[in-house]
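Architecture at a glance
Residues per chain, in single letters:
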Amino acid sequence: MVNDLSPAHGSPALLELRGIHKTFGGVTALQGLDASIAPGEFVTVVGPSGCGKSTLFNIVAGLEEPDAGGTLRFEGRECRAAELLGRVSFMPQRDLLLPWRTVIDNAILAIEVEGTPRKQAREQALRMLPEFGLAGFENQYPHQLSGGMRQRVALMRTFLFKRDLMLLDEPFGALDALTRTMMQRWLLDVWQKHRRTILFITHDVDEAIFLGDRVLVMTARPGKVKLEQPVTLPRPRRPDLVTEPEFIRIKRVLLDAIEEESMKSFTATAVAAAA
Ligand code: ADP
Ligand code: MG
């Protein structure tokens, strides 16, 4: 698995979605979503709120089945969403740390559920603590930690559950700007070391560009991919990248696309409220 592979280089996709639809009662969340993720890629996803981003993740995590008609391929093989359950690591939008479990026991939750004996799971997690900036905090409880630390515990749980594909749903959404910037740089380091494939939802355009090999912009609901923007900025990404002309150019393209979609969803909401 190499980080410089992308579909453009002709490598087979790790995940391929074609014509994915998902309806909840009268609400069409996703309509004809196509996307393809190559092994080792870091792909970021932005789009108006309510456009189906989390629904997309629930499908890829195997928690929701899409409507009939679309196809889902993982490692080249067509499958049902349910078959992906346990084959990808998933960090949901809310961190879901259990308040009565310590840092270490929250971190091992996924591998413990999977069947790793607790003692062995704790040993694995202890080795990972320093890399996640949590050394010495193993016996603390979530309420004793800062927001950034809690997110690192949740991320550590996701990394410990060793799967090629990781889904991260707005992991830094609730953090202050400074913590968020530090977490972004740290995540890129960890990603390079662990060589995973990451799909990452964010509502922060700078974050999407800073982290991603590609940014997918989704349309307003019903969601599909409106635009795929490659980010060919060099890695490792440096903090001052945000001032480079290419970064600013990409940001303009993305903001225009997002604004167009946000206006659509705003208008749709306003019309529905008036009716
Ligand atoms: P996003 O993550 O982009 O903000 P979501 O995927 O959470 O959007 O939601 C997309 C749409 O689907 C919303 O209108 C939401 O209310 C609806 N939705 C999502 N999950 C469910 C569900 N389990 N039952 C009913 N409606 C849902
Ligand atoms: Mg969401």
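Cut-off values and rules
Residues numbered from 1 in each chain as written. Chains lettered and ligands numbered in written order. Predicted model: local features only at pLDDT ≥ 70, side-chain atom pairs only at ≥ 80, totals over all residues. Heavy atoms only, no water. Salt bridge = Lys/Arg side-chain N within 4 Å of Asp/Glu carboxyl O. Helix = DSSP H or I, 4+ residues; strand = E, 2+ residues; numbered from the N terminus. Buried < 20%, exposed > 50% of the residue type's maximum accessible area, 1.4 Å probe, protein only. Donors = N, O, S within 2.8 Å, 3.2 Å for Na, K, Ca; no water. Polar contact = N/O pair within 3.5 Å; in protein donor to acceptor, adjacent residues only side chain to side chain. Expected span 1.5 Å × (residues − 1). Contact = heavy atoms within 4.5 Å. Pairing = 2+ DSSP bridges. Axes fitted to C-alpha atoms, helices over the stretch in contact; angles between N-to-C directions. Near = heavy atom within 4 Å. Areas by Shrake-Rupley, 256 points an atom, 1.4 Å probe, with all protein chains shown as cover. Nonpolar A, V, L, I, M, F, W, Y, C, P; charged D, E, K, R; others polar. pLDDT = per-residue confidence, 0-100. Domains from an automatic or database assignment. Buried area = accessible area lost by both parts, 1.4 Å probe.

Attention shifts here to the pattern of salt bridges. Taken as a whole and assessed by the stated rule, the structure comprises 23 salt bridges. Across the pair D213 and R235 runs a salt bridge, and its minimum N-O distance is 2.8 Å. In this pair, D213 is assigned in the loop between α7 (205–211) and β9 (214–218) and R235 in the loop between β10 (225–230) and α8 (245–274), connecting sequence segments 22 residues apart. Judged by its relative accessible area of 15%, D213 falls in the buried class. On the basis of relative accessible area, R235 is assigned to the partly exposed category, the value being 25%. In this structure, the salt-bridge partner of R214 is E228, at a minimum N-O distance of 2.6 Å.

Our next topic: the coordination of the magnesium ion (ligand 2). Protein-derived ligands of the magnesium ion (ligand 2) are S54 (OG) and Q93 (OE1), with the metal-ligand distances lying across 2.2 to 2.5 Å. Of this pair, S54 sits in helix α1 (residues 53–60) while Q93 sits in the loop between β6 (89–91) and α2 (103–107), and the two are 39 residues apart along the sequence. Judged by its relative accessible area of 43%, Q93 falls in the partly exposed class.

For the pair Q93 and V60, spaced 33 residues apart in the sequence, the C-alpha separation amounts to 14 Å. Among the polar contacts listed, one links the side chain of Q93 to the side chain of S54, at a separation of 3.1 Å.

If you check α8, its first and last C-alpha atoms are 43 Å apart, about what 30 residues at 1.5 Å a residue would give, namely 44 Å. Among all positions of α8, only F247, I250, L254, A257, I258 and E261 are buried. Where α8 is buried, its residues meet β3 (42–46), α7, β9 and β10.

In spatial order, the strands read β2-β1-β4-β5; together these four strands make up an open sheet with antiparallel pairing. The sheet is open, and its two borders are formed by β2 (27–37) and β5 (77–78), each paired with just one other strand. Direction of pairing for strand β1 (residues 15–24) relative to β2: antiparallel, over a ladder of eight bridges. Within β2, the position partnered with H21 by the bridge is Q31. Each of β1, β2 and β4 (71–74) touches α1; the most contacted strand, β1, lies at about 115 degrees to it.

Let's shift gears to the site of ligand 1. Neighbouring ligand 1 are F24, V27, A29, S49, G50, C51, G52, K53, S54, T55, E64 and R221. Contact distances for ligand 1 include 2.9 Å between an oxygen atom and a backbone N or O atom of K53. Between ligand 1 and R221 there is a distance of 2.8 Å, counted from an oxygen atom to a side-chain nitrogen or oxygen. Coverage of ligand 1 by the protein chains reaches 61% of its 560 Å² of free accessible surface. For the shell around ligand 1, the elements supplying multiple residues, two or more each, are β2 and α1. The leading source of residues in the shell around ligand 1 is α1, at three residues. Classifying every residue of the shell around ligand 1 gives four nonpolar, five polar and three charged.

Taken as a whole, the protein shows an average pLDDT of 92; of its residues, 96% reach a score of 70 or greater. In the model, residues 1–8 has pLDDT below 50 throughout and makes 27 contacts with residues more than four positions away in sequence or in other chains.

Let us look at the domain arrangement of the protein. What the domain assignment reports for the protein is domain 1 (15–88 + 163–274) and domain 2 (97–161). Contacts between the two partners involve 16 residues from domain 1 and, on the opposite side, twelve residues from domain 2. When domain 1 packs against domain 2, the two sides together hide about 1,300 Å² of surface, and 68% of this comes from carbon and sulfur. Taken together, the connections running from domain 1 to domain 2 amount to one salt bridge. Where R163 meets E114, a salt bridge forms, and the shortest distance between an N and an O atom there is 2.4 Å. Along the contact surface separating domain 1 from domain 2 lie six residue pairs in polar contact (both at pLDDT 80 or more). Breaking the side of domain 1 that touches domain 2 down by element, the ones donating at least two residues are β7 (165–169) and α6 (177–194). With seven residues, the top contributor of residues to the side of domain 1 that touches domain 2 is α6. Classifying every residue of the side of domain 1 that touches domain 2 gives ten nonpolar, three polar and three charged.

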